[in-house]
Amino acid sequence: MGGYTGEELTAIFLMQGFSGLSLFCVFLLMALGLAIIFGQMGVINMAHGEFLTLGAYITYLTSYLASDVWPFLLDYYFPVAIILAFLGTFILGYLVERFLIRFLYNRPLDTLLATWGLGLILQQIFRSVFGPREKSVVMPDWLMGSYQATDMVDIPLNGLMVVGITILLTIGVFILLYKSRWGIKVRATTQNRTMANAAGINTDRVDRLTFALGCGIAGVAGAAFTTIASTGPTTGSLYIVDTFLVVVFGGAASLLGTVASAFGIAQAQSILSFFLSGSMAKVITLMTVVIILMFRPQGLFASKVRR
Amino acid sequence: MGTTTTAAGWRHTGTSAGLRQSLRTLAASVMMATTATAAMAAPSTEEVNTTGLAVTDDTVTVGILHSLTGTMAISETGSVQAEKLAIEQINAQGGVLGRQIKIIQEDGASDWPTFAEKSHKLLERDKVATVFGCWTSASRKAVLPVFEKDNGLLYYPTFYEGLEESHNVFYTGQEATQQILAGLNWAHEELGAKTFYLVGSDYIWPRTSMKIARKHIENVLHGKVVGEEYYPLGSTQFGSLINKIKLKKPDLVFGAVVGGSNVAWFKQLNAAGLTFKKQPMLTISVTEDEVLGIGGENVEGLYSSMKYFQSLDLPGNKEFVAAFKAKYGEDAVIGDVTESAYLGPWLWKRAVEAAGSFDVDKVVAASPGIEWNTSPHGELKVDENHHLWMRTRIGKWKADGQADVVWESDVIEPNPFPEGYQ
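Residues numbered from 1 in each chain as written. Chains lettered and ligands numbered in written order. Predicted model: local features only at pLDDT ≥ 70, side-chain atom pairs only at ≥ 80, totals over all residues.

For chain A, the name recorded in an unreviewed UniProt entry is Urea ABC transporter permease subunit UrtB, with Marinobacter koreensis as its organism. Under the Subcellular location (unreviewed entry) heading, UniProt states for chain A: "Cell inner membrane". Annotation of chain A in UniProt includes, under Sequence similarities (unreviewed entry), the sentence "Belongs to the binding-protein-dependent transport system permease family. LivHM subfamily." (UniProt positions renumbered as here; feature names shortened; annotations may be inferred.)

Below you can see the structure in the form of structure tokens.
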């Protein structure tokens, strides 16, 4: 790195730090919903990526309405889109649990196949409804461009927003799981279903809401991603591998583990792709994760759950 | 598109063929002129079809083989639309050798073995006279052995990496040198670019293209490549790369990022404050189709090196755009590959009429030398090597998703096996 001034290097260091941070947020957003569904309920939801995509398409629809039908709403549509994305995916998740998943709780492999199939069906529905081409949302002006901290340092505004959404959502999930009555029920059901039933908890209802909540969070993540990438029928399949990677690496039933693992993978990838090329960074990151999982199959944070 | 203009626009130099060829050409031109005024007697089926193709006294069957489902459907839809439009127009003008074209459409489903299987079916069971299809190089490579074994005929629309030439395939898009060299020369002369940063998706087309670009920059332009990077297909995080570009400050970023990555790449460039005013950028992978997904506001000021832009101010293009929009809606956009796909059926019709036969070998033999001066992208000529002579143009994108053509080259000879570039 010869020939650069100290100021330039500091600026790059700062921006590089931010790009690592926003990658961390992307990973965490992707993984949060799945961490709840897979981590707390043990359901392998292969359609998770499609729930993300659905959230993204709902955002696209909202932006389309805001820009083409009611242009004066363009500046304000985004928060509305997030809420709609949450509601839409929450409802779909609720129905999926009610009519599909609950019949398969004791058959993990069948769940895998059923949700995989559901994912394919959803993909084709997206393709039929929205067309095969990628869609891009029209962003409100306040989300475009970057905040110029100094001459050299540019912090992308859309990245900042993703960071903000991630922080709020993560805190929300933590409070919900560890501070609310509903969270107690969820954790009780996870730890010992029979006892929870005996204590008067309607575990079927808890399952349904947990699954729906996981899907709803995926929807919010999808909405947030429209600001940094595009939306196509198969967008979800791009995310699903990374999502499972983060959750498994973190340790299935640990939310803290998910956060730590998202952070580790994101930083490794971001720093490596600065010094190597994008493809090599991905290869090395994946290899490291595989090797660590060979020695520590339970993931970074072991779950202390009685099954 | 009226028959007279088409007849006037077509020319056949007959460089490769002898007197018989010229006579056939003459006969074909006369036939075309006749079509405009009155229906003519079609030549008998035994005469025009000696190899058992699906040709009857009043129809000829062709195949369309593209992905309608799966990841590639996003890109291949435009090609299917253009091919169908061309065939419809040809039929409206009286068809080929007096026969209406019937289409059998198969779905390659973005899966390369499926492409091979479907081409097998089209050639052996349906006996189609020709196939318009494939998009990715991988799918073309998968069907190539089938076409060569069954002696089928394929019109392939996508600009691609070159290094291929088959008796059974006509390539209606640019091979790599046609797209890259002229574009880099332009950047060198007009933008004064001396240092280059090469960025691509990680598969054969960008890698081969960048190899050619690097050789050209280093050996011909005597410039410097300050970085060369590939990102996995579908990658959506370019933060680190953008920082590296900011640090190296190249005169030009030369890009070949494809698919969903493309969208993320431009959105993030823009968001990181790296506008194209500050950092000039030339790409070989952005057409009107991609801009639709990326959003015009994210590519304003970006340069693309293509043979075709929807905004081209040529009579042939105006007719094409109007016909395309009339059939597929006002909002439809036409990218470079869509236009290449539109050429396929027309070039085939012209070759069949020059050959006076549907037989593949005769059609192939009659093809080189065919010229079309009023094609949507202007002059073109079919070369001996089955690629097209064509111009390269530099378009500068505007916020409305259309490009201003800022420069165009002379008609460039196709050179799929460029010496000194491998």
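Chemist: Please explain the overall build of chain B as it appears in this structure.
Modeler: Within chain B, the secondary structure is distributed over 15 helices and 15 strands. For chain B, the C-alpha radius of gyration of 21 Å lies close to 22 Å, the compact-globule estimate for 422 residues. Projected onto its principal axes, the C-alpha positions of chain B cover 70 × 45 × 40 Å. Sorting the 422 residues of chain B into buried and exposed places 56% on the buried side. In chain B, the share of contacts with a sequence separation of at least 24, taken over all contacts with a separation of at least 6, comes to 72%. (Helix = DSSP H or I, 4+ residues; strand = E, 2+ residues; numbered from the N terminus. Rg over C-alpha atoms; globule rule 2.2 N^0.38 Å. Buried ≥ 20, exposed ≤ 12 C-beta atoms within 10 Å, placed from the backbone. Contact = placed C-beta atoms within 7 Å.)

Chemist: When you look at helix α1 (residues 6-41) of chain A in this model, what are you seeing that I'm missing?
Modeler: A turn of α-helix holds 3.6 residues, and therefore any two residues three or four places apart point the same way. Residues and elements named next belong to chain A. Look at α1: 51 Å from first C-alpha to last across 36 residues, which is about the 52 Å you get at 1.5 Å a residue. Maximum bend of α1: about 35 degrees, positioned at Leu 34. Within α1, 27 of the 36 residues are buried, which leaves it mostly tucked inside the rest of the structure. A positive phi of about 75 degrees marks Gly 42, the residue just after α1. (Expected span 1.5 Å × (residues − 1). Bend = angle between axes of the 7 residues up to and from the residue.)

Chemist: What is the right way to look at the interface of chain B and chain A in this model?
Modeler: A common way to report how large an interface is uses the accessible area buried once the components associate. Between chain B and chain A, the residue contacts involve 33 residues of the former and 38 residues of the latter. The set of elements that each furnish at least two residues to the side of chain B that touches chain A consists of α4 (73-92), β8 (224-231), α9 (239-248), α10 (259-271) and α11 (288-294) of chain B. When residues in the side of chain B that touches chain A are grouped by element, the largest group, 7 residues, is from α9(B).

Chemist: Is there a simple way to think about the domain arrangement of chain B in this case?
Modeler: All names here are of chain B. Here chain B is described as being made up of domain 1 (3-175 + 313-390) and domain 2 (176-311 + 395-412). Distance between the C-alpha centres of domain 1 and domain 2: 30 Å. With 22 residues of domain 1 at the contact, the number on the domain 2 side is 19 residues. Counting only elements with at least two residues in the side of domain 1 that touches domain 2, the list comes to α14 (336-355) and β14 (388-397). Here the side of domain 1 that touches domain 2 gets 4 residues from one element, more than from any other, and that element is α14. (Domains from an automatic or database assignment.)

Chemist: Please explain the packing of helix α10 (residues 255-275) of chain A against helix α11 (residues 278-295) of chain A as it appears in this structure.
Modeler: The angle between the axes and the distance between the axes are what describe a pair of packed helices. All names here are of chain A. With their axes 8 Å apart at the nearest point, α10 and α11 run at an angle of 145 degrees to one another. Seen from above, α10 lies across α11 with right-handed handedness. In contact with Ile 265, Ala 268, Gln 269, Leu 272 and Ser 273 of α10, α11 contributes Gly 278, Ala 281, Lys 282, Ile 284, Thr 285, Thr 288 and Val 289. Its residues placed into classes, the contact of α10 with α11 shows 6 nonpolar, 5 polar and 1 charged. (Axes fitted to C-alpha atoms, helices over the stretch in contact; angles between N-to-C directions. Left-handed = near helix turned anticlockwise from the far one by under 90°. Nonpolar A, V, L, I, M, F, W, Y, C, P; charged D, E, K, R; others polar.)

Chemist: What is the right way to read the sheet that holds strand β2 (residues 59-66) of chain B from this model?
Modeler: All names here are of chain B. The strand order across the open sheet formed by 5 strands is β3-β2-β4-β5-β6, and the pairing between neighbours is parallel. Since the sheet does not close on itself, it has two edges, and those belong to β3 (100-107) and β6 (169-171), each with one partner. Across the sheet, the mean angle separating the axes of adjacent strands is 25 degrees when strand polarity is ignored. Alignment of β2 against strand β4 (residues 131-133), held across 3 bridges, turns out to be parallel. Bridging across to β4, Ile 64 finds its partner in Phe 132. (Pairing = 2+ DSSP bridges.)

Chemist: How should the UniProt feature "transmembrane region" (unreviewed entry) in chain A be read in this particular structure?
Modeler: All names here are of chain A. Mapped onto this numbering, the UniProt entry gives "transmembrane region" (unreviewed entry) at residues 12-39, 51-70, 76-96, 108-126, 155-178, 211-232, 244-265 and 272-295. A distance of 34 Å separates the end C-alpha atoms of residues 155-178, which is 92% helix and 8% strand. Between the first and last C-alpha atoms of residues 272-295 the distance is 23 Å; the span itself is 92% helix and 0% strand.

Chemist: I'm lost on the confidence of the model for chain B in this one. Help?
Modeler: Residues and elements named next belong to chain B. Confidence in the prediction of chain B, expressed as mean pLDDT, is 87, and 90% of residues score 70 or more. Of all helices and strands in chain B, the one with the weakest mean pLDDT is helix α1 (residues 3-9) (43), whereas strand β5 (residues 154-156) scores best (97). Under a pLDDT of 50 for its full length, residues 1-8 has, in the predicted model, 13 contacts with residues more than four places off or in other chains. Taken together, the stretch residues 13-21 has pLDDT below 50 and engages in 11 contacts with residues farther than four places along the chain or on a different chain. Here the predicted complex carries an ipTM of 0.74, next to a pTM of 0.80. (pLDDT = per-residue confidence, 0-100.)

Chemist: Teacher, can you tell me more about the packing of α10(A) against α9(B) here?
Modeler: Viewed as axis vectors pointing N to C, α10(A) and α9(B) meet at an angle of 35 degrees, and their least axial separation amounts to 8 Å. Every pair of crossing elements has a handedness; the one defined by α10(A) and α9(B) is right-handed. Listed contacts from α9(B) to A:Ser270, A:Ser273 and A:Phe274 of α10(A) are B:Gly239, B:Ser240, B:Leu241, B:Asn243 and B:Lys244. A per-class count over the contact of α10(A) with α9(B) returns 2 nonpolar, 5 polar and 1 charged.

Chemist: Help me understand unusual backbone geometry in this model?
Modeler: Only a minority of non-glycine residues have a phi that is not negative, and only a minority of peptide bonds are not trans. Residue and element names in this part refer to chain B. Backbone geometry at Ala 109 places phi at a positive 55 degrees, although glycine is not the residue there. Within the secondary structure, Ala 109 is located in the loop between β3 and α5 (112-125). In the Ramachandran plot, His 222 falls in the positive-phi region, its phi being about 55 degrees despite a non-glycine side chain. Tracing the backbone through its elements, the reader meets His 222 in the loop between α8 (204-220) and β8. The exposure class assigned to His 222 is exposed, which follows from the 9 C-beta atoms found within 10 Å.

Chemist: Just checking my understanding: could you explain the nonpolar core for this structure?
Modeler: Grouped burial of nonpolar side chains is what soluble globular proteins tend to show. All names here are of chain A. Ranked by internal contacts, the top residues of the largest apolar core, which has 199 residues, are Phe 27 and Ala 31. Ranked by residues supplied to this core, first place goes to α1 with 20 residues. Setting aside anything within four residues of it in sequence, one finds Ala 31 in contact with Thr 243, Val 246, Val 247, Thr 258 and Ala 262. (Core = buried A, V, L, I, M, F, W, Y, C linked by C-beta atoms within 7 Å.)

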